[in-house]
Every structure is written in C-alpha cells, then in structure tokens.
Amino acid sequence: KAAKLLANSINSWAITSGTKEDTYIKKLTEALEDKRNWSIWASVPPLEYLPQPKLTKVTRLERVNFYLTIIRNGLVFTPVALTWLAISNATKAFAIFTSKNPNGVSNFLDFWQKGYGILNKEWSIGNVAFFDFLLILLIISMTVATTIIGNRIQVIREIKLDTLDNERTALALEIEEFFYDKKQITNVTMNQSLAYAIRDLINATNSISRTSSELNKSVKEMPKYKELLSEIKKIKINFTDRFKSSN
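Residues numbered from 1 in each chain as written. Predicted model: local features only at pLDDT ≥ 70, side-chain atom pairs only at ≥ 80, totals over all residues. Heavy atoms only, no water.

## Digging into the overall build of the protein chain
For the protein chain, the helix and strand inventory stands at 10 helices and 0 strands. Written out in order from the N terminus, the α and β elements of the protein chain read α-α-α-α-α-α-α-α-α-α. Counting over 247 residues, the protein chain shows a buried share of 21%. Expressed as a percentage of contacts within the protein chain between residues at least 6 apart in sequence, the contacts between residues at least 24 apart total 69%. (Helix = DSSP H or I, 4+ residues; strand = E, 2+ residues; numbered from the N terminus. Buried < 20%, exposed > 50% of the residue type's maximum accessible area, 1.4 Å probe, protein only. Contact = heavy atoms within 4.5 Å.)

Pasting the structure below:
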C-alpha cells in the first residue's frame, strides 16, 4: 500500500511538473508498482536523479500575451505603409489635376489636403496623419500591455517553479524514507548502522549518568536519620515548654 501511494505521488508530481516522460520517473514507478529491485533503487539518491520541474502548459494569460504581441508586431509598420499608400493616391490625383489645369499654379501639399474634387477626402493629408497617430498610439498601448503581462507571467512562473521545486525536495525525502530500510546489507551499511547504534548508546549512557549524578546530589542533600530524630525531639521539647508556660 505504501509503495502504491508513493507511486501515485510521483506520477502526480511528474504530471504537474511536465516530467512524465523522464526515464527515472518511469522506471521508479514501475519498480514500485511491480515491487521489484527495491534494494537497487534504495542506493539511488532521489534528490540527485529527480528531474528539474518545467512548466509546459500554456496559460490563458500567456496565450493572450502571445496574440497581442503578434498583432502589435503586425501593426508596427502599418502607419508607414498607410502613409506611402496615401502619397501614391495623392500623386496620381495630382497628376490628373495638373493635366486638367496646365496653366494653374498649385502646391502639392495644398492639393493633398484640399483634393479639389479629384482626391477623395479620406486620403487627405490631415486624415492620414490623424489615422497614423491613432495607429501609433495603439501600438504604444499594446507594447506597454504586453510588457506588463509578460512581467506578470514571469512572476507567476517563478512562483510555480519554486512551489514545484519545494515539492520535488519533499518527494525526494519521501522516496528516501521509503527505501531507507530496504537497502541491501553490505559492510558499509552494516558499519553505518553499527555506528548509529553506538552513537545512540553513548547518548543514552551519558543521559543516565547525568540523571544518576543529579539523583545522588538530591539524596546527599537530604538529612540523615539520626539528625532527623534529633530535630523532631527538639521540636517536641520546644512545643512542651511553650505549652507549660502558657498554663
């Protein structure tokens, strides 16, 4: 049951952290589910072999920022293209105007603004300049928005990665704890276990020694039997004398 719970924990973490296809994750969960080669896995340090978490899932905020960036990038050169298109139409209309009025004196910019019935009003220099201004303002707004959203996404990703990394450490300790008593007995592990047992025995001995010393002190500080009887006799005599004097 414990092995099954540990395998489920590993799979859940792997799905969340985007490491489901990692070889260590696959082989370890298979070993836990099949209950085999546990002594081998007990010698593998999980904190070293557990994969680093990564976020592969695209959030809604990242998708919005992606599309905003594409639209912004597409609009960057739109004011330039619109201006040149307006110049092309104004030039063609001006050529028609000058052919119809060969003796007339006209300025190109004046014609571009007024049109003189040949150039459509929407292509006038004032309208084109105002529309360019709106496009540039939109591009600036989208640039600011994508920057703010991008920073927000980065903060969210860092928080999620920190959380996953803490969960990775907790999972590694859980794996280490599960396999701790399943290590194959060797001279190294035997000596290590013996060293731990000796250390615990020494600590217990020191504790008993301190307790015994404190107990001896307490016993020594207690009055002896003869001294106790003498004190009781004195108290009795004092009490008798006071009783007689009061009568």
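The discussion continues.
## As for the packing of aromatic side chains
Evaluated as defined, the whole model comprises 13 aromatic pairs. On the numbers, 5.2 Å between centres and 75° between planes, the contact of Trp-38 with Phe-178 is edge-to-face. Residue Trp-38 is located in helix α3 (residues 38-41), and its partner Phe-178 is located in helix α8 (residues 125-179); the two are separated by 140 residues in the primary sequence. Plain terms: the ring middles of Phe-97 and Tyr-116 are 5.1 Å apart, the flat faces sit at 20° to each other, and that makes the pair stacked. Here Phe-97, found in helix α6 (residues 78-100), pairs with Tyr-116, found in the loop between α7 (108-114) and α8; they are 19 residues apart in sequence, far enough to count as distant. Overall, the relative accessible area of 14% leaves Phe-97 in the buried class. Look at Tyr-116 and you get partly exposed, because its relative accessible area is 40%. Members of the aromatic cluster, connected to one another through ring pairs, are Phe-94, Phe-97, Phe-108, Phe-111, Trp-112 and Tyr-116. (Phe/Tyr/Trp six-rings, centres within 6.5 Å; stacked < 30°, edge-to-face > 60°.)

## Comments concerning the packing of helix α1 (residues 2-17) against helix α2 (residues 23-34)
It is at 8 Å that the axes of α1 and α2 come closest, and there the two elements cross at 160°. In this view, α1 runs roughly antiparallel relative to α2, as classed from their interaxial angle. For the pair α1 and α2, the sense of crossing is left-handed. From α1, Ala-3, Lys-4, Leu-6, Ala-7, Ile-10, Asn-11, Trp-13 and Ala-14 reach across to α2, where they touch Ile-25, Leu-28, Thr-29, Leu-32 and Glu-33. Residues of the contact of α1 with α2, tallied by class, amount to 9 nonpolar, 2 polar and 2 charged. (Axes fitted to C-alpha atoms, helices over the stretch in contact; angles between N-to-C directions. Parallel < 35°, antiparallel > 145°, perpendicular 65-115°, else oblique. Left-handed = near helix turned anticlockwise from the far one by under 90°. Nonpolar A, V, L, I, M, F, W, Y, C, P; charged D, E, K, R; others polar.)

## Things to note about the nonpolar core
The biggest cluster of nonpolar side chains holds 21 residues, and the ones touching the most others in it are Ile-10, Leu-28, Leu-32, Leu-50, Ile-175 and Phe-179. Leave out the neighbours within four places in its chain, and Ile-10 touches Ile-25, Leu-28, Thr-29, Leu-32, Leu-171 and Ile-175. Listed in part, the 9 residues of the second largest apolar core include Ala-86, Phe-111, Trp-112 and Leu-119. (Core = buried A, V, L, I, M, F, W, Y, C linked by side-chain atoms within 4.5 Å.)

## Some thoughts on α1
Counted at 1.5 Å a residue, the expected span for α1 with its 16 residues is 22 Å, and the 22 Å between its end C-alpha atoms agrees. When we look at burial in α1, the residues that qualify are Ala-3, Leu-6, Ala-7, Ile-10, Asn-11, Trp-13, Ala-14 and Ser-17. Axial view of α1: buried residues confined to an arc of 165°, hence all on one face. Every exposed residue of α1 that faces more than 90 degrees away from the buried side is listed here: Ile-15 and Thr-16. (Expected span 1.5 Å × (residues − 1). Arc of directions from axis to C-beta.)

## Section: the side chain of Asp-132
Within the secondary structure, Asp-132 is located in helix α8. In contact with Asp-132, not counting residues within four places along its chain, are Pro-79, Leu-82 and Thr-83.

## Structural notes on the environment of Asn-8
Among the secondary structure elements, Asn-8 is positioned in helix α1. We classify Asn-8 as partly exposed; its relative accessible area is 35%. For the pair Asn-8 and Thr-29, spaced 21 residues apart in the sequence, the C-alpha separation amounts to 8.2 Å.

## With respect to helix α5 (residues 60-75)
If you check α5, its first and last C-alpha atoms are 23 Å apart, about what 16 residues at 1.5 Å a residue would give, namely 22 Å. Turning to α5, its buried residues number three or more, namely Glu-62, Asn-65, Arg-72 and Leu-75. For α5, the angular spread of the buried residues around the axis is 150°, confining them to a single face. Turned more than 90 degrees from where α5 packs its buried face, Arg-60 and Gly-74 sit exposed. Buried residues along α5 sit against α6 and α8.

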